[in-house]
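Residues per chain are reported as follows:
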Number of protein chains: 2
Amino acid sequence: MPAFLKRLIFQVGDQASERTYTYTSVSNDGHYISLRPLIRPKDDKEREFPVEWAFAGLNTDIRVTKIDEYTVTQDFNFWIDINRYLKVPNIHQGEVHTTWKRWESECLEETGTVYPFGPDKEGVNFMELWQPLDSNRVEDVVAPIGMDNSKDRSVVLKIDDSKYEGLMIVVGKWAQGLMTKKGESSTDGINMIRSVETSTNSYKTLFSQGSNVDKFPSAFENLSKGTKVDVNGFEWEVIESTY
Amino acid sequence: MPAFLKRLIFQVGDQASERTYTYTSVSNDGHYISLRPLIRPKDDKEREFPVEWAFAGLNTDIRVTKIDEYTVTQDFNFWIDINRYLKVPNIHQGEVHTTWKRWESECLEETGTVYPFGPDKEGVNFMELWQPLDSNRVEDVVAPIGMDNSKDRSVVLKIDDSKYEGLMIVVGKWAQGLMTKKGESSTDGINMIRSVETSTNSYKTLFSQGSNVDKFPSAFENLSKGTKVDVNGFEWEVIESTY
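What counts, and where the lines are drawn
Residues numbered from 1 in each chain as written. Chains lettered and ligands numbered in written order. Predicted model: local features only at pLDDT ≥ 70, side-chain atom pairs only at ≥ 80, totals over all residues. Heavy atoms only, no water. Helix = DSSP H or I, 4+ residues; strand = E, 2+ residues; numbered from the N terminus. Rg over C-alpha atoms; globule rule 2.2 N^0.38 Å. Buried < 20%, exposed > 50% of the residue type's maximum accessible area, 1.4 Å probe, protein only. Areas by Shrake-Rupley, 256 points an atom, 1.4 Å probe, with all protein chains shown as cover. Least-squares fit on C-alpha atoms with pLDDT ≥ 70 in both. Contact = heavy atoms within 4.5 Å. Buried area = accessible area lost by both parts, 1.4 Å probe. Salt bridge = Lys/Arg side-chain N within 4 Å of Asp/Glu carboxyl O. Polar contact = N/O pair within 3.5 Å; in protein donor to acceptor, adjacent residues only side chain to side chain. Patch = residues over 30% accessible without salt bridge, like charges linked within 9 Å, V, L, I, M, F, W, Y side chains within 5 Å. Lys, Arg positive; Asp, Glu negative; His and termini not counted. Charge placed at Lys NZ, Arg CZ, Asp CG, Glu CD. Pairing = 2+ DSSP bridges. Axes fitted to C-alpha atoms, helices over the stretch in contact; angles between N-to-C directions. Disulfide = S-S within 2.5 Å. Domains from an automatic or database assignment.

Along chain A, the regular secondary structure elements total 2 helices and 18 strands. A compact globule built from 243 residues should have a C-alpha radius of gyration of about 18 Å, and chain A, at 17 Å, falls within 12% of that. When the backbone C-alpha atoms are referred to their principal axes, chain A occupies close to 45 × 45 × 35 Å. Residue burial in chain A is summarised as follows: out of 243 residues, 53% are buried. Just so you have it, chain A exposes about 11200 Å², and 47% of that area is on carbon and sulfur atoms.

Written out as structure tokens, the structure is:
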């Protein structure tokens with residue numbers, strides 16, 4: 001089932017806060033993308049690259065296991081991870097094990113442990129709380145309890161050629177894309193876009209980063225699975241579609 | 001400034017969750033009301049009275065102190081408190097000291113300590129996270145960052161006669177009321193209402209409790225301060241109004 005989630009809290013150890021506009025899109029087939037731009041970059045480093053983190057993965061890069069009616073575990077192995085791309089020191093390597101618990105409010109509490117200093121060193125506990133939004137609205141409208149979002153539009157495009165790898169996921173009216181240039185490891189090689197459909201095939205960009213933002217697809221009507229889409233010389237393939 | 005806040009988290013000690021539809025209304029002059037009905041009552045006791053808690057107070061029942069640009073302390077002495085009314089055992093007595101920190105996301109993190117076993121016994125730490133909503137919308141629409149809500153409608157009515165005490169606060173399109181019968185201490189004496197204005201002077205009730213719900217005011221247009229309003233024999237006074 002498609003999902004469009006807004007993060008409310010990022011807690012590491014005892015310290016809880018939220019400094020980002022983080023939205024995670026999950027497609028009907030389970031592909032996923034999460035873009036985490038900073039709301040108020042506070043120093044030169046943050047202003048230069050105002051992003052806490054971003055990642056994307058295919059449904060083959062995640063293993064979901066039902067624990068009970070309210071709980072699943074999700075084990076991630078991101079396809080694209082900008083921290084790994086940037087070779088940020090002291091980051092978790094490999095699979096991340098998380099537990100997702102659905103509260104009565106239908107917010108999702110994600111907990112897990114990462115091992116930034118290596119798998120045999122001390123771990124760091126984290127918690128993130130996610131608010132399901134109504135993806136068919138152009139604002140942050142909280143999904144009413146019991147809302148059926150199984151019919152929401154879900155379109156996924158992928159690029160993976162000699163130079164670039166990227167994923168773009170459209171859930172309802174919201175599109176998010178992440179694309180990196182192969183063989184580099186600087187912020188110059190990272191491209192991101194978040195946009196929302198204000199009328200048919202007309203999108204308003206809410207956040208973008210990188211010099212190749214114009215290479216992301218920008219129209220998603222009637223795209224069927226298997227279609228190739230050329231965007232200013234970049235060839236994307238539709239790998240999932242509700243059309 | 002008026003505020004209309006939805007609770008996202010209630011954390012006691014290490015245990016975080018959200019089992020309620022809790023909204024807190026704060027009027028322009030600083031009167032306040034918080035109704036906390038349960039989303040999914042889980043046993044007979046909860047089904048009989050499906051409310052976690054509710055309270056209301058005048059601006060004379062709260063002391064707000066600015067600590068820095070992002071932080072205030074709020075010391076509450078509730079006028080009406082249903083736990084106190086019901087003589088629930090082991091509840092905090094007297095003033096509650098809380099600290100409110102505004103995150104970059106503009107959610108408000110409230111922390112404090114209550115002393116259910118007495119002021120000289122061990123305290124219990126709690127945290128609640130609050131999401132500002134756009135009170136002019138009939139759904140849960142997250143207030144965009146930087147939104148100016150200083151012009152939102154703010155109307156407050158009060159009853160305090162020989163038999164009843166109650167407060168009703170309207171912020172934007174949302175009305176919440178709490179009224180208790182004097183000299184009783186059972187759930188029979190408690191009345192609550194939450195409604196939202198779907199068109200001028202037409203309100204949809206989202207939650208109500210008690211046998212005197214029809215004694216709450218139900219129209220708020222052009223009510224000026226000082227006006228007396230008779231509602232099925234109950235006389236309410238407008239103690240604040242933006243009209």
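Next comes the rest of the description.
Further remarks concern the relation of the copies chain B and chain A. In screw terms, the move from chain B to chain A is a rotation of 180 degrees and a rise of 0.0 Å along the axis, fitting with an RMSD of 0.0 Å. This pairing of chains is accounted for by a two-fold axis. Taking the C-alpha atom as reference, chain B places V141 of chain B closest to the rotation axis, 2.3 Å from it.

At the junction of the two partners, chain B supplies 24 residues and chain A supplies 24 residues. Considering only the side of chain B, the residues that lose the most area to chain A are R40, W103 and E104 of chain B, jointly responsible for 28% of the buried surface there. Our count for the chain B to chain A interface comes out at 4 salt bridges. Close ionic contact of R19 of chain A with E104 of chain B constitutes a salt bridge, the shortest N to O distance being 2.7 Å. Along the contact surface separating chain B from chain A lie 10 residue pairs in polar contact (both at pLDDT 80 or more).

A grouping of D161, D230, E235 and E237 of chain A is seen on the molecular surface, where their side chains present a negatively charged patch. Take D161 of chain A: it is sitting in the loop between β12 (154–160) and β13 (164–171).

The next thing to look at is the sheet that holds strand β15 (residues 190–199) of chain A. Residue and element names in this part refer to chain A. Strand order in the open sheet formed by 7 strands is β16-β15-β14-β13-β12-β18-β17, and the pairing between neighbours is antiparallel. In the strand order of this sheet, the two ends are held by β16 (202–209) and β17 (228–231), each with one partner. In this sheet, adjacent strand axes meet at a mean angle of 20 degrees when their direction is disregarded. Taken together, the 7 bridges between strand β14 (residues 174–181) and β15 define a ladder with antiparallel strand orientation. Across the sheet, T180 pairs through a bridge with I190, a residue of β15.

Next up on the list: the sheet that holds strand β18 (residues 234–241) of chain B. Backbone-to-backbone hydrogen bonds join strands into a sheet, with any given pair of strands oriented parallel or antiparallel. All names here are of chain B. Ordered in space as β16-β15-β14-β13-β12-β18-β17, the 7 strands form an open sheet in which the pairing is antiparallel. Each end of this open sheet is capped by a strand with a single partner; those strands are β16 (202–209) and β17 (228–231). When the angles between neighbouring strand axes are averaged without regard to direction, this sheet yields 20 degrees. In the sheet, strand β12 (residues 154–160) pairs with strand β13 (residues 164–171) via 7 bridges, with the strands oriented antiparallel. Among the inter-strand pairings, K158 is bridged to a residue of β13, identified as L167.

Residue and element names in this part refer to chain B. By the secondary structure assignment, F10 is in strand β1 (residues 3–12). Classification of F10 by relative accessible area gives partly exposed; the value is 26%. Along the chain, F10 and T99 lie 89 residues apart, while their C-alpha atoms are 15 Å from each other. Those residues in contact with F10, other than ones at most four positions away along the chain, are Q15, A16, S17, E18, E52, F126, M127 and E128.

Before going further, it helps to examine the state of the cysteines. For the structure on display, the rule yields 0 disulfides over all chains. Left unpaired, C107 of chain A is separated from the closest cysteine sulfur, that of C107 of chain B, by 10 Å.

What follows covers the pattern of salt bridges. Under the definition given, this model contains 32 salt bridges over all chains. The closest approach of N and O atoms between R7 of chain A and E128 of chain A, which form a salt bridge, is 2.7 Å. On the criterion of sequence distance, the pair formed by R7 of chain A in strand β1 (residues 3–12) and E128 of chain A in strand β11 (residues 124–132) is long-range, its members being 121 residues apart. Using a relative accessible area of 2% as the deciding quantity, one classes R7 of chain A as buried. The residue R7 of chain B makes a salt bridge to E52 of chain B at a minimum N-O spacing of 3.0 Å. Of this pair, R7 of chain B sits in strand β1 while E52 of chain B is found in strand β5 (residues 51–57), placing the two residues 45 residues apart along the sequence. According to the relative accessible area criterion, E52 of chain B is partly exposed, its value standing at 27%. Each member of the salt-bridge network shares a partner with another, and the members are R7, E18, R36, E52 and E128 of chain A.

This next bit is on the domain arrangement of chain A. Residue and element names in this part refer to chain A. Split by domain assignment, chain A resolves into domain 1 (3–132) and domain 2 (154–241). Using only C-alpha atoms to locate each centre, domain 1 and domain 2 end up separated by 21 Å. With 31 residues of domain 1 at the contact, the number on the domain 2 side is 29 residues. A buried area of about 2500 Å², summed over both sides, lies between domain 1 and domain 2, and 73% of it is on carbon and sulfur atoms.

Attention shifts here to the side chain of T24 of chain A. Residues and elements named next belong to chain A. Along the chain, the position of T24 falls in strand β3 (residues 23–26). Reaching out from T24, the side chain makes a polar contact with the side chain of S34 at a distance of 2.8 Å. Residues in contact with T24, not counting those within four places in the same chain, are A3, F4, L5, I33, S34, R36, W130 and Q176.

This part is about the pairing of strand β5 (residues 51–57) of chain A. Residues and elements named next belong to chain A. Among the 7 residues in β5, 5 count as buried, and that is most of the element. Of the pairings in the sheet, the one linking strand β4 (residues 32–37) to β5 comprises 6 bridges and is antiparallel in character. Across the sheet, residue P37 finds its bridge partner in β5, namely V51. Judged from the 2 bridges that link them, β5 and strand β8 (residues 80–81) form a sheet pairing that is antiparallel. Of the residues in β8, the one forming a bridge with A56 is I80.

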